[in-house]
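Structural description and commentary
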Amino acid sequence: MVRNILCVPLDPVHDVGIKIIKSELDKNGHNTELLSPDLSMEAVVNIASKGNYDFILVSRTLGYGVAEILARFVDLLDAAGVRENSKIVIGGKPITPELAAELGFDKGFGEHSTLDELIAYIEGREIKISNRGLHRTKKDFTSKYSYDFYDKEIESLLEEITDKTLKWSEGKTSNAIERAKLKEEIIQTENIALKEKLVDKYNVISDSVIVEANKNKNYPKGVRNVTESELESLRKYIKDSEPVNPVTIQHNNNHPAIFKFLGSGCPILDIAHGKICERWGIDGYLIINPSWEARYEGLIDGLLTHENDGTITSFENIKLMRELLDPSTLLTVRAHRGLNTPETVLLAGLAGADLTKINLVYGSLGAGTDPTRLAIDGIEAIKLAAKFNMPFDIPGNDELSGVPTWKTLAGLLINVMIGKKLSAKAIPKPLFCYGPHIVINGMMKQNFIDYNAAKIKLLRSIADMPIWPGEPIAFMTQTEERVQSANSTSYHAALAATLGVDAITVASTDEAYSRGPICITSRIDSIRAITDAYRFVGDASFNTTSKCDDFLLDLRKKLKDTLKLVASRNHLAESINLGDLGNKEDGAYPGKFGFETVKILD
Amino acid sequence: MQKIGIVGTAKNTGKTTTLSFLLSSLSHFKKNIAVTGIGYDGEEIDNITLLPKPRLLIEKNVIAATSEKCFANSDVKFELLCKTGLRTALGEILIVQIIKPGLLVIAGPNKKSDLQKIIDLISKYEIDYLFIDGSLNRLSPMSVVDRIIFTTGAARNNIVSQLASEMKAIEKIFSFPQRKCNYENVNSIRIITKEGETEIDLNSLLDKNDVLLLSEKLKRDVVAIIIPGLISNEAFDHLLKALKSKFCVNVELILNSPINLILAADFLDLQKLIDNIEQSDISIKYLQKPKLEAVTINPFYPFLHNFHYEAGFISKNDFYREMKSQLTTMVVNIKENGEELIKQIIDSKMS
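Residues numbered from 1 in each chain as written. Chains lettered and ligands numbered in written order. Predicted model: local features only at pLDDT ≥ 70, side-chain atom pairs only at ≥ 80, totals over all residues. Heavy atoms only, no water.

On to the pattern of salt bridges, then. All told, the structure shown has 58 salt bridges over all chains when counted by the stated rule. The closest approach of N and O atoms between B:Arg179 and B:Glu252, which form a salt bridge, is 2.7 Å. On the criterion of sequence distance, the pair formed by B:Arg179 in the loop between helix H3 (160–175) and strand E10 (189–193) and B:Glu252 in strand E13 (residues 252–255) is long-range, its members being 73 residues apart. Using a relative accessible area of 30% as the deciding quantity, one classes B:Arg179 as partly exposed. In this structure, B:Glu336 engages B:Lys316 in a salt bridge whose closest nitrogen and oxygen atoms are separated by 2.8 Å. Taken together, the residues span a long stretch of sequence, with B:Glu336 in helix H9 (residues 334–350) and B:Lys316 in helix H8 (residues 316–326) at a distance of 20 residues. Exposure remark for B:Glu336: the relative accessible area of 45% places this residue in the partly exposed category. Among the charged side chains, a salt-bridge network with shared partners connects A:Arg179, A:Lys183, A:Glu297, A:Asp301, A:Glu343, A:Arg373 and A:Asp377. (Salt bridge = Lys/Arg side-chain N within 4 Å of Asp/Glu carboxyl O. Helix = DSSP H or I, 4+ residues; strand = E, 2+ residues; numbered from the N terminus. Buried < 20%, exposed > 50% of the residue type's maximum accessible area, 1.4 Å probe, protein only.)

Bringing the nonpolar core into the picture now. As a rule of thumb, nonpolar side chains are buried together in soluble globular proteins. In terms of nonpolar packing, the biggest core is built from 115 residues, with A:Ile56, B:Phe150, B:Ile225, B:Leu253 and B:Ile284 touching the most fellow members. At nine residues, helix H3 (residues 66–79) of chain A tops the list of elements feeding residues into this core. Discounting chain neighbours no more than four positions away, the residues touching B:Ile284 are B:Phe176, B:Pro177, B:Phe236, B:Leu253, B:Leu255, B:Leu261 and B:Ile277. Grouped together as the second largest cluster of nonpolar side chains are 110 residues, A:Ile205, A:Ile358, A:Ala385 and A:Ile504 included. (Core = buried A, V, L, I, M, F, W, Y, C linked by side-chain atoms within 4.5 Å. Contact = heavy atoms within 4.5 Å.)

Another point: the pairing of strand E5 (residues 77–88) of chain B. Residues and elements named next belong to chain B. The sheet contact formed by E5 and strand E6 (residues 91–100) spans eight bridges and is antiparallel. Counterpart to arginine 87 in the pairing with E6 is glutamate 92. With antiparallel pairing between neighbouring strands as the criterion, E5 and E6 make up a hairpin whose turn holds two residues. (Pairing = 2+ DSSP bridges.)

It is worth spelling out a nonpolar patch on the surface at this point. Residues and elements named next belong to chain A. Residues Val16, Ile20 and Leu115 make up a contiguous nonpolar surface patch of about 250 Å² in total accessible area. For leucine 115, the location among the structural elements is in helix H5 (residues 115–122). Residue classification places leucine 115 among the partly exposed residues on the basis of a relative accessible area of 31%. (Patch = residues over 30% accessible without salt bridge, like charges linked within 9 Å, V, L, I, M, F, W, Y side chains within 5 Å. Areas by Shrake-Rupley, 256 points an atom, 1.4 Å probe, with all protein chains shown as cover.)

This next bit is on the domain arrangement of chain A. For chain A, the assigned domains are domain 1 (4–122) and domain 2 (156–586). Relative placement of domain 1 of chain A and domain 2 of chain A: their C-alpha centres are 52 Å apart. (Domains from an automatic or database assignment.)

So, on to helix H4 (residues 208–215) of chain B. Among all positions in H4(B), only B:Asp210, B:Val211, B:Leu214 and B:Ser215 are buried. In an axial view of H4(B), the angular spread of the buried residues amounts to 135°, which keeps them on one side of the axis. Turning to H4(B), the residues buried within the fold contact helix H2 (41–50) of chain A together with E10, strand E11 (197–200), strand E12 (222–227) and helix H5 (233–245) of chain B. (Arc of directions from axis to C-beta.)

On to the side chain of A:Asp502, then. All names here are of chain A. Positionally, aspartate 502 belongs in the loop between helix H19 (482–498) and strand E15 (503–505). Take aspartate 502: its relative accessible area is 7%, and that puts it in the buried class. Ignoring any residue separated from it by four or fewer positions in sequence, one finds aspartate 502 in contact with Phe141, Lys144, Tyr145, Pro256, Ala257, Arg460, Pro466 and Ile467.

This part takes up the sheet that holds strand E9 (residues 147–153) of chain B. Residue and element names in this part refer to chain B. With mixed pairing, nine strands are arranged side by side in an open sheet as E5-E6-E4-E2-E8-E1-E9-E15-E18. The open sheet has two free edges, formed respectively by E5 and strand E18 (330–332), since each of these has just one partner strand. Taking the axes of each pair of neighbouring strands and ignoring which way they run, one obtains an average angle of 20° across the sheet. Taken together, the seven bridges between E9 and strand E15 (residues 291–298) define a ladder with parallel strand orientation. Residue arginine 147 lies in a different strand from E15, and its bridge partner there is lysine 291. The strands that helix H1 (residues 15–27) touches are strand E1 (2–8), strand E2 (33–37), strand E8 (129–133), E9 and E15; relative to E8, the one it contacts most, it runs at about 165°. Where H3 meets the sheet, its contacts fall on E9 and E15, and the angle it forms with E9 comes to roughly 165°. (Axes fitted to C-alpha atoms, helices over the stretch in contact; angles between N-to-C directions.)

Here we take up empty space enclosed by the protein. Residue and element names in this part refer to chain A. Tallying each qualifying case throughout the model produces one cavity of 30 Å³ or more. If you add up the space inside the largest cavity, you get close to 50 Å³. Lining of the largest cavity is provided by Asn289, Glu293, Ala294, Leu299, Ala335, Arg337, Gly338, Leu339, Asn340, Thr341 and Thr344. For the lining of the largest cavity, the class distribution of residues is four nonpolar, five polar and two charged. (1 Å grid on protein atoms, 1.4 Å probe; cavity = no way out; pocket = protein on both sides within 12 Å on 5 of 7 lines; lining within 4 Å. Points joined across faces, edges and corners; volume = space filled by probe spheres on them. Nonpolar A, V, L, I, M, F, W, Y, C, P; charged D, E, K, R; others polar.)

Turning our eyes to something else, we now look at the layout of surface pockets. To find leftover empty space, a probe the size of one water molecule is rolled over the atoms. Residue and element names in this part refer to chain A. In this structure, the second largest pocket encloses a volume near 1100 Å³. Around the second largest pocket, the lining comprises 44 residues; the ones closest to its centre are Ile288, Asp309, Arg334, Arg337 and Glu511. Secondary-structure elements contributing two or more residues to the lining of the second largest pocket are strand E8 (257–262) and helix H12 (291–295). When residues in the lining of the second largest pocket are grouped by element, the largest group, four residues, is from H12.

Quick look at unusual backbone geometry now. Residue and element names in this part refer to chain A. Between glycine 470 and glutamate 471 the backbone carries a cis peptide bond, its omega angle lying at -10°. Residue position: glutamate 471 is located in the loop between helix H18 (450–462) and H19. Along the chain, glutamate 471 connects to proline 472 via a cis peptide bond; the corresponding omega equals 0°. Take proline 472: it is sitting in the loop between H18 and H19. Of note, tyrosine 147 is a non-glycine position whose phi angle comes to about 65°, a positive value. Unlike most non-glycine residues, glutamate 596 shows phi in positive territory, near 55°. Its location among the elements puts glutamate 596 in the loop between helix H22 (572–577) and strand E16 (599–600). Overall, the relative accessible area of 67% leaves glutamate 596 in the exposed class.

A word on the interface of chain B and chain A. Every contact between the two is made by 42 residues of chain B and, on the other side, 31 residues of chain A. Buried area between chain B and chain A, summed over both chains or domains, comes out near 2900 Å², and the portion from carbon and sulfur atoms is 53%. Counting every contact that joins chain B to chain A gives four salt bridges. Linking chain B to chain A there are 18 residue pairs in polar contact (both at pLDDT 80 or more). Residues of the side of chain B that touches chain A, tallied by class, amount to 19 nonpolar, 15 polar and eight charged. (Buried area = accessible area lost by both parts, 1.4 Å probe. Polar contact = N/O pair within 3.5 Å; in protein donor to acceptor, adjacent residues only side chain to side chain.)

All names here are of chain B. It is at 9 Å that the axes of H3 and H8 come closest, and there the two elements cross at 30°. For the crossing formed where H3 meets H8, the hand is right-handed. Here H3 contributes Val160, Ser161, Leu163, Ala164, Met167, Lys168 and Glu171 to the contact with H8, which in turn contributes Asp318, Phe319, Glu322, Met323 and Gln326. Of the residues belonging to the contact of H3 with H8, the class tally is six nonpolar, two polar and four charged. (Left-handed = near helix turned anticlockwise from the far one by under 90°.)

Residues and elements named next belong to chain A. The strand order across the open sheet built from five strands is E2-E1-E3-E4-E5, with neighbouring strands paired in parallel fashion. With partners counted over all chains shown, the strands left at the sheet margins are strand E2 (31–34) and strand E5 (107–109), one partner each. Strand-to-strand twist of the sheet, defined as the mean angle between neighbouring strand axes without regard to direction, takes the value 20°. Judged from the three bridges that link them, strand E4 (residues 87–91) and E5 form a sheet pairing that is parallel. Within E5, the residue paired with glycine 91 across the bridge is phenylalanine 109. Packing against the sheet, helix H1 (residues 16–27) makes contact with strand E1 (4–9), E2 and strand E3 (55–59), and its axis sits at approximately 160° to E2.

In structure tokens, the structure reads:
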């Protein structure tokens, strides 16, 4: 049914919204009349009272005092008898149903209303639009890739390295691998006697600190159980704070997914932050465990919090995060740093995480785990990732020291090939920032684009695989100023979007300077900045300079040289120990934890 | 059933505070009370300034007419008495009886005809007092009530003398008499002469053209003109000229209610309108005439500081003294002498 509609911009300047609405109503076949924005209220009432309008649509920005003006306008329409035949409707950014009711209008449409809603109302149709809940599906950015290698020379070198390493690993085990097997049975059995027996076996091959915590609840300093009341208040908070008018960060389907870290030490705080960021469109989280957890043999059970960086990746903690975060939110659990890599992957898989984070090279350099131990544990962890159908992301190890990019990329590709051989999907995460080696050697003196772009182009030319720059993007370009930090992150995100990567990890604006848990506003800062950056760049792209091609050529050559060197060794662990993927000059030392703890199977 | 409307000169002038006081005070006198509102009131945080607001506590047995979405965030328990079929921006208006007291946001009918329907429905429940909460500075639906309490305050204007002047003008407008006649339900303008009446195809007089249309039918022997809708300030001036040019004298201008005259001009211009009326040959009458029961005053005003609204206050004593000196109507600061208003309401009901 055709409606007669009077469109009234009761505003001297802001009439663009009502013009858009008029245009849409015209397209839908309604009769509309748009008044000029300079009429007095009495003049508008005069026109409204003489026409035969079904609806009077009013657009007006609000400020203090404007409410009274609008209320008087409503009164004039009422007193002139216009309301007996016409519905009066208000639209404007801050309009809510409550404000429309307060002003006396029949209906209000605000910032989050859609044209479809307005047209349905005008046409008297029921339209069900829920502004609550996320209503999104989980992103999958691995299934579209074949993991076929375009660069056959590199493929051949990787085959050689991984074949030798996997062969070398056969017949070897560690306490971490044995604990993972026991833990799987412990979680799955309902037989109490058997469970106790298995726990005893677990304790025998764990450090006393862990046994004491699990057996006698005598936790390491700062660690304690989450209380019932904390859990209850979290659940109430989530129940009372259903996301309203959720935001989508990506402007188009090709824009990368956005991941943030969760690792405040407290799962309650992590989840609360997680829920808020979900509303602002975040796609997933990396759960980062505390550094001390990596140093002990064995993991502490239970719903645990502690007063330090990193959240304990117990089965219960991961499970709670999985339960309370939206099902569409991706969760990845860091596993590769320390003496519990297979068990962490197991717990992540059993608790419903979507991904896990493993890099056999990164985890065994720079105060990490012994390369031999991590190679054996990591291979088992990748097998478990495959078993739970969890892709694993591989962070670049050039972020912490001065390891050159080509060595880092060599490490990423070795992990990708191990994954391929073990039927697990790997996601390399090249550093996408002002990394230490770059700072030292001046590759980004001209701009921040060429060198970052060269890394992505190189990986894209090697194999058909997902790419997830990190970690976080814009690392070492951010300062203590939140606006600067958000800007810098968003520029890197825009560049990542133009390079067609699949995901990015982003920091909060106070991440490097928080001196404690980061605050929620700074989390949202960077998300909002990226949302605008994605909108700004859309499907356009940045131009690189000729330097990018030079970097690309140089990186490819040095990457191949590195892989050739690694391939000349007996296995990956030997290569790492000899410094092929990062040496003392680069600031990378082989890790010491778990030295000489690999066992030969009987 | 006494229908008492609470209207404000602006937002934050104390409507909710006045209504809360009336509801809680009269509940002690065992009166049967009903409440509705012409907007949306009783929320925790002001929709515009984001400052905390007084909330409306509704006692047991009170009958309330409010929109269905208001019950979602309320802690009252209630029995549904009837669904009205009338809709607001917050859903259908329901009439309920409170069985467990609590905080409730009131969002009732937003136009005069709907308010009359709600009054008709509520009148079936043996109610002593029906309170109709206003919204912002809205007035129009209040034509149908018996008594009006005006709230004014520093949120409207923090110059006390101006507040007193505009309230004095409002008081004057309410002082014009009622004209009992059979034209209460007409929808178009009528010119009454000694011989009969002429109908004009207009509801309101809003500009010069409307007055021209009317003046074509004007004769010298006109005794009254009935305007059921609005008369604008501009049209009023043209009408006076038209009457003069046709040598019409002692004409009664019969408006629907004082509210229709108040709406003719902004509050600050009302005195000019009254001066025009007093210098002319016409006399103002009303078809419906709510009584101006009292004026309540509120020294609070929100002001912008560092991009946020903060609370400010003018001198309550100066404000009270100035209003008392200018008005004959009762002046009440609810937080100081509210009980005088209660006594007046009870006494006038009994009389």
